[in-house]
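Overview (structure and organization)
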Amino acid sequence: MARRGRSGTAGAPARGAGARRGLTVATVALVALLGATSTGLAVPPPPPNPSDSSIDSAKGDANAKAGEVGRLTNQLAQAEQKLSSLQDDVELKQEQAMKALVDLQTAQDEATQAQNDAKSARQEADAAVGAIEKARADAKKFAAASFEQGSTIGSVSAYLTSDSPKDLLARAQLLNAIGGSRINAMDRLQQAQTDKANKDSAARKALELAQQKQDAATQAKGAADSAQSAAVSAQQAQAAQNTQLEANKNSVEQQLYAAQAKVNGLQGQRQRYQDWVAQKQREDEERARQAALRAAAAANNNDDGGDDNGGGSRGRPSPAAGSSIEAVIARALSKVGMPYAWGGGNGSGPTRGIRDGGVADQYGDYRKIGFDCSGLMIYAFAGVQGLPHFSGYQYTSGRRVPLSQMRRGDMLFWGGSGGIHHVALYLGNGQMVEAPQSGSYVRVVSVRYGGIMPYATRLIG
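Within any chain, residue numbers begin from 1 and follow the written order of that chain's sequence. Residues qualify for local features only when their pLDDT is at least 70, as the model is predicted, and side-chain atom pairs are given and counted only at 80 or more; totals for whole chains, interfaces and linings, by contrast, use all residues. Note: side-chain values were computed over all heavy atoms of the structure, leaving out hydrogens and water.

Under an unreviewed UniProt entry, the name given to the chain is NlpC/P60 family protein, and the organism recorded is Amycolatopsis albidoflavus.

This is how it looks when you write it as structure tokens:
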């Protein structure tokens, strides 16, 4: 570096000639090095280059499949919504069937009680008739004896055995009173017979009404069972349609994935071809640079002039890289995980489900020990009050409050113009515990506001 600083001294020509020889040697060495390494820059043969029309066709096919998937997805969403609505209808029909069953049992109990009352009234009326007949027989006997003796029965002997006129008069008064009491007693028996006959008539009327109620309840039960069967059939048909739609959607999705894979493959081939073109261009540029260096080296070999400028460059560093409510809730929560069983559950705990002739039977609810939605409420509130085994009746079993005021321990209901079909217990913080439907279990979930009734029912507080 110090010698470069004195390049203008008398010894400069000798040193300049040496520098030119060094530059020529270095240039030749660099060209030789580049020539030796240029074989490593060779580009492999070009990969396939799909045409634009092939890529566009594949994209069009993929877009068509995507559109078909979207269409099927929309259809499936609508079908799922319809299936959910049909499921709600099935639950409603199940609850209506339960109501009809409860009403039928009530009517049967009333008819049985009316039959017992009528039987008792008939027995009392028959007994009254018997008593009157006996009293009449006694009265006839008394009258006949009195007629034979010319006075009240027993008066002749009573008079003959009297000790004095005073005693005779007392006995006559007594015998007359006895005769009158018989007549009064018979009047009372006749009045009792009339009362018993009226009671017997009323009991028969009540029995007739009770039988009419039982017949109406039986018809209602049959209609409810038929409606439930129709709802189950509709739900099953929709479920089958949903299954087919799901299968079609899955098939088209697979076709979409295949079409997308084809597009990706063609685009990958195009990208690899473009990478090959870029690499070939870099190689061509490198070859041109090497040719230019060789030409410069040849020119230096023929050039005797020039000077040593001491020029050079230094490498720069790279940038750095860089209560009781609680008791109710506790009871309900203690049954989380228990199977759903239609018709199951009472104040003592889970019971065996019953047949419904539809969905519940398909899931074998009649073989399960568990709860349905209203049965779980019966068990939870057993220490508060008895509840009927029908969500519709439970809805009116307490004070109703707007949903905006619902609180922990209230009952929530779902239904519509056809009536109530589901009930759950509100836990607070948007959570509830419920026995949802056949095939499921008692669970804690977020409150569903679709189809919820506008009022909660409060039994405590």
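**Focus on the overall build of the chain**
To keep it simple, the criterion reads: Secondary structure elements are taken from DSSP: a helix is a run of H or I of four residues or more, a strand is a run of E of two residues or more, and numbering for both begins at the N terminus. Exposure is judged per residue with a 1.4 Å probe applied to protein chains only, and the accessible area is read against the type maximum: over 50% gives exposed, under 20% gives buried, and values in between give partly exposed. Working definition of accessibility: Shrake-Rupley area with a 1.4 Å probe, residue cover restricted to the visible protein chains.
The secondary structure content of the chain amounts to nine helices and eight strands. Counting the 461 residues in the chain, one finds 33% classified as buried. Entry remark: accessible area of the chain is about 26600 Å², with carbon and sulfur atoms responsible for 53%.

**Focus on unusual backbone geometry**
For Asn429, which is not glycine, the phi torsion reads 55° and is therefore positive. Structurally, the position occupied by Asn429 is in the loop between strand S5 (419-428) and strand S6 (431-434). Its relative accessible area of 80% is what places Asn429 among the exposed residues.

**Details of helix H8 (residues 373-380)**
Think of an α-helix as turning once every 3.6 residues; residues three or four places apart then point the same way. With eight of its eight residues buried, H8 lies for the most part within the structure. Within H8, burial applies to Cys373, Ser374, Gly375, Leu376, Met377, Ile378, Tyr379 and Ala380.

**With respect to the pattern of salt bridges**
What counts here: Any Lys or Arg side-chain nitrogen located within 4 Å of an Asp or Glu carboxyl oxygen qualifies as a salt bridge.
Scanning all chains against the criterion turns up 17 salt bridges. Ionic pairing is found between Arg71 and Glu68, a salt bridge with its closest N-O pair at 3.9 Å. Placement of both Arg71 and Glu68 in helix H3 (residues 52-149) is noted, with a separation of three residues, approximately one turn of the helix. For Arg443, the salt bridge goes to Glu434, with nearest N and O atoms at 3.0 Å. Accessibility expressed as a relative area gives 0% for Glu434, which makes it buried.

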